[in-house]
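# Working through the structure, step by step
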Amino acid sequence: MAASEARADCSEAALAEALADVPELARLLEIDPYLKPFAQDFQRRYKRFNETLNNIGENEGGIDKFSRGYESFGVHRCADGGLYCKEWAPGAEGVFLTGDFNDWNPFSYPYKKLDYGKWELYIPPKRNKSLLVPHGSKLKVVIRSKSGEILYRISPWAKYVTREGDNVNYDWIHWDPEHPYKFKHSKPKKPRGLRIYESHVGISSYEGKIASYKHFTCNVLPRIKDLGYNCIQMMAIMEHAYYASFGYQITSFFAASSRYGTPEELKELVDTAHSMGITVLLDVVHSHASKNSEDGLNMFDGTDSCYFHSGPRGNHDLWDSRLFAYSSWEVLRFLLSNIRWWVEEYGFDGFRFDGVTSMLYHHHGMGQGFSGDYHEYFGLQVDEDALIYLMLANHLIHTLYPDSITVAEDVSGMPALCSPISQGGVGFDYRLAMAIPDKWIQLLKEFKDEDWNMGNIVYTLTNRRYLEKCIAYAESHDQALVGDKTLAFWLMDAEMYTNMSVLTPFTPVIDRGIQLHKMIRLITHALGGEGYLNFMGNEFGHPEWLDFPRKGNNESYHYARRQFHLTDDDLLRYKFLNNFDRDMNKLEERCGWLSAPQAHVSEKHEANKIIAFERAGLLFIFNFHPSKSYTDYRVGTTLPGKFKIVLDTDAAEYGGHQRLDHNTDFFSEDFKHNERPYSLLVYIPSRVGLILQNVDMPN
């Protein structure tokens, strides 16, 4: 037998074996036949996932029990009034509990050493049955390292930490309120089309200070509801000692950030959102952890390992942070329990996983361009320990909470990231379409309006994997950060300070900026994915940028706020952008284009700067030409009958020029155009996006 034939037989046998091991791999390969050469990679990943899941079942009684680590680890009041404490500190020689309750005697309450690096302590109740460790009192875990060093640590399972006055480090506060918050409202149903309002509690006030959970609940939630968003993505909730890290350098994984208020106030925020029919996602950071040791996970047991890889593999050079050892049994327990905690304790409806690209690859995405060659997503560069953890996390979430939502922040475009685990995928519901905001910034920075390439815009907005859902966005918090600009600031820059009053005539810059701001958002919303995301304030063209207080800006809060009052001022043009964003979202709620199949693009005309497509029974038309309007422009459609304009960026209430008459009826003819069986003639002014609906068809 020739060598090539032998290889082919071997390859066919390997494929058959992979198809036998992975229940629905055949479906994945049917969707994307180019993945066939990597069938063994999917097989290996799935088998490792299954083996880990089975091991959890055999040794821990199943993932349900395994993910409840927070019920035993940390510090807990027992029914008899005593205290049960448990920690994992494999590198420690001794572990002790100290705090206000024992006048900070470091060694009076030693833990007992158990197997596998675990330690436990039971403190009997007081004779008078009073609380041994009262709510609000301070605690520390004392670690005696192998070198004899005495270390004061915060438990990795601490539920509340706070910083007093000018203290550098956080204190661990025992959180055990007499009357914990009781949820009053049921969770909303899983949205069919996800419209996400990316939110940060601390910057949600126009005042130069850190805003509170209460402020957000009372003042921002009603705005979000009015704008038509059905989901909030909460950033910077997991406790982080450094405010300017934007919540991405986590120090206490089970603690809700105390800088905004108490855990009970966060629960009230989530509950109130649910009462409004709003789903709430947590921005979860399991890709890395802060290097802080006094008030973080780092060096918890006196070693550089414990929760992290030892040596260089345990450090992220770009982020200056620690990297988890995802194959460690207790790290898996910690992270899976952390996910469970935020759902069970706070009522979150799902997660946006941050830094997934960094997790998936040993190179962490640093210095990688990701051309789309499938070999980039398989092989030794993939960190399969982290990938298996993500599969387990998605399995946990979707098994125990079927209506929960998971979103991956991945820039690499890894195939099957959002495919079911049964197909060999990682199991996420959505991925962020991260190329879209980069495209808009590139166009605004590098090209004149008349040089915008319509085909390239359409390609960027539609270039996504079949049946793997994407969250589209024109800009997120990344584009608002200092060093970059929001779309509004790229478009209008310094004129936003002087020419946003309705009492002054439109300048060319402001006119262009307001019209393109709406068009960019509408085409991204309608064509770019199966979900849509907006960062708070950007919907109305928030001026300036975002910068947290730090040494480099003299600890100023001037740019760490959201000026919502600008939209409430009838004399300012911000209200027009706000009105448009609201009506765009509410039309999507009515028509459901995000949950409809991907759009059919019938036209992308370079000279005319026209893009036309159909989705969810609607006809979308965009004229990006800076000066040319078109009378009786023929546009193709699949539908016969009468059409009406249902949304128009040029309407007066959106700061437009009111060049379109919404009373006009448009009738499609039996005239084939651009491969569509029918067509209609439309007046399309310059710099306008409009949506036509067939009124003869049922909604």
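In every chain, residue numbers begin from 1 and rise along the written sequence. With pLDDT at 70 or above as the cut-off, local features in this predicted model cover only qualifying residues; side-chain atom pairs require 80 or more to be listed or tallied, and sums for whole chains, interfaces and linings still use all residues. Side-chain descriptors were evaluated using all non-hydrogen atoms of the structure, hydrogens and water having been removed beforehand.

## Brief notes about the overall build of the protein
Rules: Strands are runs of DSSP state E lasting at least two residues, helices are runs of H or I lasting at least four, and both sets are numbered from the N terminus onward. For this measure, only C-alpha atoms enter the radius of gyration; the expected value for a globule follows 2.2 Å times N^0.38, where N is the number of residues. Between buried and exposed lies partly exposed: a residue is buried under 20% and exposed over 50% of the maximum accessible area for its type, with that area taken using a 1.4 Å probe on protein chains only. Any two residues whose heavy atoms approach within 4.5 Å at even a single point are treated as in contact. For the purpose of charge, His is not counted, nor are the chain termini; Lys and Arg are scored as positive and Asp and Glu as negative. Charge placement uses NZ in Lys and CZ in Arg. For Asp and Glu, CG and CD serve respectively.
A tally of helices and strands in the protein yields 16 helices and 29 strands. By the compact-globule yardstick of 27 Å for 699 residues, the protein fits well, its C-alpha radius of gyration being 28 Å. Structurally, the protein occupies a C-alpha span of about 85 × 80 × 45 Å along its principal axes. Put simply, the protein has 699 residues, and 60% of those count as buried. Looking at the protein alone, contacts between residues at least 24 apart form 72% of all its contacts between residues at least 6 apart. Charge-centre separation for the protein: the mean point of 74 positive side chains lies 2 Å from the mean point of 93 negative side chains.

## Quick word on the nonpolar core
Rules: Nonpolar cores were defined as sets of buried Ala, Val, Leu, Ile, Met, Phe, Trp, Tyr and Cys residues, with membership established by side-chain atoms within 4.5 Å.
Counting 187 residues, the largest nonpolar core has Tyr307, Trp342, Phe353, Tyr389 and Trp440 as the members making the most contacts within it. Beyond its immediate stretch of four places on either side in the chain, Trp342 contacts Ile237, Met238, Phe253, Phe254, Ala255, Ala256, Leu266, Leu282, Gly347, Phe348 and Phe351. Ala612, Leu619, Leu660 and Ile684 belong to the second largest nonpolar core, which has 18 residues in total.

## Section: the packing of helix 3 (residues 39–60) against helix 9 (residues 384–400)
Describing two packed helices takes the angle between their axes plus the distance from one axis to the other. Which entries qualify depends on this criterion: Orientation is described by axes fitted as lines to C-alpha atoms, over the contacting stretch for helices, and by angles from 0 to 180 degrees between their N-to-C directions. An angle below 35 degrees is read as roughly parallel, one above 145 as roughly antiparallel, one from 65 to 115 as roughly perpendicular, and any other as oblique. Put simply, a crossing is left-handed when the front helix is turned counterclockwise from the back one by less than a right angle, and right-handed when it is turned clockwise. Residues were grouped as follows: Ala, Val, Leu, Ile, Met, Phe, Trp, Tyr, Cys and Pro as nonpolar; Asp, Glu, Lys and Arg as charged; and all remaining residues, including Gly, as polar.
With their axes 10 Å apart at the nearest point, helix 3 and helix 9 run at an angle of 60° to one another. Put simply, helix 3 runs oblique to helix 9. Helix 9 is crossed by helix 3, and the crossing has right-handed handedness. Of the residues in helix 9, those touching helix 3 at Arg44, Arg45, Tyr46, Arg48, Phe49, Thr52 and Leu53 are Glu384, Asp385, Leu387, Ile388, Met391, Leu392 and His395. Of the residues in the contact of helix 3 with helix 9, the class split is seven nonpolar, two polar and five charged.

## Things to note about the sheet that holds strand 29 (residues 688–694)
Short version of the rule: At least two DSSP bridges between two strands are needed for those strands to be called paired.
One open sheet holds the six strands; their spatial order is 22-23-24-29-26-27, and the pairing between them is antiparallel. At either margin of the open sheet sits one strand with a lone partner, and together these are strand 22 (600–605) and strand 27 (666–668). The average undirected angle you get between the axes of adjacent strands in this sheet is 25°. Taken together, the five bridges between strand 26 (residues 641–648) and strand 29 define a ladder with antiparallel strand orientation. Of the residues in strand 29, the one forming a bridge with Lys644 is Gln693. Contacting strand 22, strand 23 (610–615), strand 24 (618–623), strand 26 and strand 29, helix 14 (residues 508–527) runs over the sheet at an angle of about 35° to strand 23. Each of strand 24, strand 26 and strand 29 is contacted by helix 16 (residues 574–591), which is oriented at about 140° to strand 26, the strand it contacts most.

## Looking at a nonpolar patch on the surface
Stated precisely, the cut-off is as follows: Patches here: salt-bridge-free residues with over 30% relative accessible area, like charges joined within 9 Å, nonpolar side chains (Val, Leu, Ile, Met, Phe, Trp, Tyr) joined within 5 Å. Residue-level accessible areas treat just the shown protein chains as cover; the underlying method is Shrake-Rupley with a 1.4 Å probe. Basic side-chain nitrogens of Lys or Arg form a salt bridge, by our definition, when they fall within 4 Å of a carboxyl oxygen of Asp or Glu.
A surface patch of nonpolar side chains, about 240 Å² in accessible area, is lined by Phe107, Ile150 and Tyr152. Looking at the element boundaries, Phe107 is found in the loop between strand 3 (92–99) and strand 4 (112–113). Looking at Phe107, the relative accessible area reads 36%, which means it is partly exposed.

## Side note on the side chain of Arg562
With respect to the element layout, Arg562 can be found in the loop between strand 21 (531–535) and helix 15 (565–568). Buried charged residue Arg562 carries no salt bridge. Nearest counter-charge: Glu539, at 7.1 Å. When sequence neighbours within four positions are dropped, the list of residues in contact with Arg562 reads Ile203, Ser204, Ser205, Tyr206, Phe535, Met536, Gly537, Asn538, His542, Trp545 and Leu546.

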